[in-house]
Amino acid sequence: MNRTVCVVGLGYIGLPTASFLGTKGYRVIGVDAQAHVIETINRGEIHIVEPDLDILVKSAVHSGNLRATDVPQEADVFIIAVPTPLAQPGNRPDVSFVEAATRSIAPHVRPGNLVLIESTIPVGTTTGVVLPILRAEAANGADGVHIAHCPERVLPGRVLVELVGNDRIVGGVDAESTEAAAAFYSSFVNGEVLKTDAATAEMAKLSENTFRDVNIALANELSIICDRHGIDPWQMIALANRHPRVNILQPGPGVGGHCIAVDPWFIAAAAPGQAHLISTARRVNDNKPEWVMEKIRAAAARFKKPVIGCLGLAFKANVDDLRESPALGIARRVRDEGLGELLVCEPHITANREFDLATLDDILRRANVIALLVDHTAFRGLRAEQFAGRALIDTRGVVR
Ligand code: SAJ
């Protein structure tokens, strides 16, 4: 059995994976570039919010099976879980963190080891980037090293459940790599482990998030058209979804997070002449915040001294993650455009560098324009009467 695992990148994917493996009997070395992340984890604490992750990390660290450090070490299995952001201009994938992580493990990689890329990567990266680096920089030129892409598929907010329960795709650079990766994941995943090649695994992951983005774009476009007709889009969608083969997703203020708003560009960047629908869907979702802003501007113009309340900053319900959040972008624009006094409420964070946080009660008491931007559970009980006399822009269909 592979006993020692080195996980590079202790973020939203790496930390849950490292701590989970630590509680399953693996000896885990977690590697991260940030000193505060390493110190926090080695105290048995967490630097991100995810249900039950604190318990898991505490247990893995206190058992001695998980230790965080800043440099990789020898291991049987290496897991790379670092970010792959978008480079601007041009929405191009930036795989520099994957390259750097591969270089950092290369001196420690030995024949018989397994190297797994969980980061979301453009098609061709496993064989075209990771493999050549290991060939050039690992001992023995990576001979006998198994390399595979095993895309993470967990949903923030449900990471620990989905880490174990989801089916996994494993795609190796050769058949032995695929088999070795499948054997490893089968040791702790309850879902099915599905074998393929590296390029198909890369494309499948990108297609999953693109599927969601394109379908959300449809919902967002329909919601704008419904608005022109004076139709409640959420009621309309609920009715349309009663058809046995229709499942329209939910409109919102735009698409955020570090995956769905990013990954479709990885497909489009490699096939600009073919990815018409995919690029258009991205633009539809990226333009939705501007549509919300038009509503806020028009509402604010109706008041002499507008007090504008934004409910929520996170990129989606019940998380504290503000990355690529359309709600955060809208709050910033309300502030920057000087539309009025701004009050911001985000119940999942205690403080924010940019905004003094107000309570829900403050906003309900003082604001005359209220933009509901995130469907947090904390906002779900709100009733239409509580907004009487105020302008409500409900981007999530929460208040009926
Ligand atoms: N959203 C809508 N309407 C919807 C669903 C989502 O506006 O009907 C918005 C959300 O508010 C949010 C954004 O889309 O701003 C993305 O949220 P999400 O819950 O759809 O997805 P993520 O980004 O949290 O996680 C996704 C998941 N992918 C799929 O469901 C196909 C997850 O399984 C992946 O592991 C993750 O991306 C990732 O890391 O790639």
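Here the structure is a predicted model, which is why all the values come from computation and not from measurement.

Topic: helix H4 (residues 96–105)
Among all positions in H4, only Val-98, Ala-101, Thr-102 and Ile-105 are buried. End-on view of H4: buried residues confined to an arc of 100 degrees, all on one side of the axis. The secondary structure elements touched by the buried residues of H4 are strand S1 (4–8), strand S4 (77–80), strand S7 (114–117) and helix H5 (125–137).

Examining the nonpolar core
Counting 43 residues, the largest nonpolar core has Ile-41, Leu-116, Phe-184 and Tyr-185 as its most contacted members. Excluding residues that lie within four positions of it along the chain, Leu-116 makes contacts with Val-77, Phe-78, Ile-79, Ile-80, Ala-148, Cys-150, Ala-181, Phe-184 and Tyr-185. Residues Val-292, Ala-299, Leu-313 and Ile-393 belong to the second largest nonpolar core, which totals 27 residues.

Brief notes about the sheet that holds strand S3 (residues 66–69)
Within a beta sheet, neighbouring strands are joined by backbone hydrogen bonds and run either parallel or antiparallel to one another. Pairing is mixed across the open sheet formed by eight strands, whose spatial order is S3-S2-S1-S4-S7-S8-S9-S10. In this open sheet, the two strands that pair with only one neighbour each are S3 and strand S10 (193–197). Across the sheet, the mean angle from the axis of one strand to that of its neighbour is 25 degrees, orientation sign disregarded. Here S1 runs beside strand S2 (residues 27–31); their pairing, made up of five bridges, is parallel.

Let's talk about the site of the ligand
Of all residues adjacent to the ligand, which total 19 residues, the nearest are Glu-152, Lys-205, Arg-212, Gln-250 and Phe-315. Within the contact set of the ligand, an oxygen atom lies 2.7 Å away from a backbone nitrogen or oxygen of Val-154. Take Lys-316: an N or O atom from its side chain is 2.9 Å from an oxygen atom of the ligand. Among the detected pockets, the ligand sits in the second largest pocket.

Some thoughts on the sheet that holds strand S14 (residues 391–394)
With respect to topology, four strands assemble into an open sheet ordered S12-S11-S13-S14, the strand pairing being parallel. Every interior strand has two partners, whereas the edge strands, strand S12 (341–345) and S14, have only one. If you compare each strand with its neighbour and ignore which way they point, the axes differ by 15 degrees on average. In the sheet, strand S11 (residues 307–311) pairs with S12 via five bridges, with the strands oriented parallel. Bridged to Gly-309 within S12 is Leu-343. Strand contacts of helix H12 (residues 326–336): S11 and S12, with the helix running at about 160 degrees to S12, the strand carrying the most contacts.

Basis of the calculations
- Residues numbered from 1 in each chain as written.
- Predicted model: local features only at pLDDT ≥ 70, side-chain atom pairs only at ≥ 80, totals over all residues.
- Heavy atoms only, no water.
- Buried < 20%, exposed > 50% of the residue type's maximum accessible area, 1.4 Å probe, protein only.
- Helix = DSSP H or I, 4+ residues; strand = E, 2+ residues; numbered from the N terminus.
- Arc of directions from axis to C-beta.
- Contact = heavy atoms within 4.5 Å.
- Core = buried A, V, L, I, M, F, W, Y, C linked by side-chain atoms within 4.5 Å.
- Pairing = 2+ DSSP bridges.
- Axes fitted to C-alpha atoms, helices over the stretch in contact; angles between N-to-C directions.
- Near = heavy atom within 4 Å.
- Polar contact = N/O pair within 3.5 Å; in protein donor to acceptor, adjacent residues only side chain to side chain.
- 1 Å grid on protein atoms, 1.4 Å probe; cavity = no way out; pocket = protein on both sides within 12 Å on 5 of 7 lines; lining within 4 Å.
- Sits in = over half its atoms within 2 Å of the grid points.

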